[in-house]
Amino acid sequence: VQLQASGGGSVQAGDSLRLSCVASGLTFSRYGMGWFRQALGKDREFVAAISWNGGRTNYADFVQGRFTIARDNAKTTVYLQMNSLKPEDTAVYYCAASRRVISGSNYQGVYDHWGQGTQVTVSS
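Given the structure is predicted, the values throughout are model-derived calculations rather than measurements. (Residues numbered from 1 in each chain as written. Predicted model: local features only at pLDDT ≥ 70, side-chain atom pairs only at ≥ 80, totals over all residues. Heavy atoms only, no water.)

Sorry, what's going on with the overall build of the protein chain here?
Check the secondary structure of the protein chain and you find zero helices and 11 strands. N-terminal to C-terminal, the α/β element order of the protein chain is β-β-β-β-β-β-β-β-β-β-β. Taking 14 Å as the expected radius of gyration for a compact globule of 124 residues, we find that the protein chain reaches 13 Å, a close match to that expectation. Contacts in the protein chain between residues far apart in sequence, at least 24 positions, make up 58% of those at least 6 positions apart. Accessible area of the protein chain: about 6,000 Å², with a carbon and sulfur share of 45%. Across the protein chain, the 12 positively charged side chains and the 8 negatively charged ones have centroids separated by 8 Å. (Helix = DSSP H or I, 4+ residues; strand = E, 2+ residues; numbered from the N terminus. Rg over C-alpha atoms; globule rule 2.2 N^0.38 Å. Contact = heavy atoms within 4.5 Å. Areas by Shrake-Rupley, 256 points an atom, 1.4 Å probe, with all protein chains shown as cover. Lys, Arg positive; Asp, Glu negative; His and termini not counted. Charge placed at Lys NZ, Arg CZ, Asp CG, Glu CD.)

Given below as structure tokens:
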């Protein structure tokens, strides 16, 4: 199983980025997917999750309508569209796949597979 995250970069506050995570080696449509992030010196935290068919999503409170998670099962890809980025969004962003919770979860412990992370840096 491999989860390949991409799309990170260095942007200015207020800009947008779209992260992608391509999954291989698993039956993608049978997995709930999530995005997490870890800032330097901090614990990894939940950002967003999506159910196996995209019908259910949930977000961390700090997203405040700025981020949107989506998936394309035909492309075995999950996306995180991030708008109105803030300096405090600076972190390494990880995608994750859960076979146990196909509705998507904010709990890291239920995720079976993790991507390698992509760096997002937002400057003021």
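After that view of the structure, there is still more to cover.
Honestly, the environment of Phe28 in this entry has me stumped. Any pointers?
Mapping Phe28 onto the fold places it in the loop between strand E3 (17-24) and strand E4 (32-38). Residues Phe28 and Thr77, spaced 49 residues apart in sequence, show a C-alpha to C-alpha distance of 8.3 Å.

Help me understand the packing of aromatic side chains in this model?
Two aromatic rings, taken as a pair, are described by how far apart their centres are and by the angle between their planes. Enumeration over the complete set of coordinates arrives at four aromatic pairs. Above the ring of Trp114, the side-chain terminus of Arg44 is found at 3.7 Å from the ring centroid. Lying across the ring of Phe28, Arg71 places its NZ or CZ 4.3 Å from the centre. (Phe/Tyr/Trp six-rings, centres within 6.5 Å; stacked < 30°, edge-to-face > 60°. Lys NZ or Arg CZ within 6 Å of the ring centre and 35° of its normal.)

Looking at this structure, I do not really get the pairing of E3. What am I missing?
The two faces of a sheet get side chains in turn, since along a regular strand they alternate between them. Here strand E1 (residues 2-6) pairs with E3 via five bridges, running antiparallel. The partner of Ala5 across the bridge, within E3, is Cys21. (Pairing = 2+ DSSP bridges.)

Sorry if this is basic, but what is going on with unusual backbone geometry here?
You will see that Thr76, though not glycine, has its phi angle at about 45°, which is positive. Among the structural elements, Thr76 can be located in the loop between strand E7 (67-72) and strand E8 (77-82). Residue class for Thr76 comes out partly exposed when judged on its relative accessible area of 22%. Look at Ser84: it is not a glycine, yet its phi comes out positive at around 50°. Within the secondary structure layout, Ser84 lies in the loop between E8 and strand E9 (91-98). (Buried < 20%, exposed > 50% of the residue type's maximum accessible area, 1.4 Å probe, protein only.)

Explain the sheet that holds E3 to me, please; I cannot follow it from the model alone.
Read from one edge to the other, the open sheet built from four strands follows the order E1-E3-E8-E7, with strand pairing classed as antiparallel. Each having just a single partner strand, E1 and E7 make up the two edges of the open sheet. If you compare each strand with its neighbour and ignore which way they point, the axes differ by 15° on average. Here E3 pairs with E8 via six bridges, running antiparallel. Residue Cys21 lies in a different strand from E8, and its bridge partner there is Val78. (Axes fitted to C-alpha atoms, helices over the stretch in contact; angles between N-to-C directions.)

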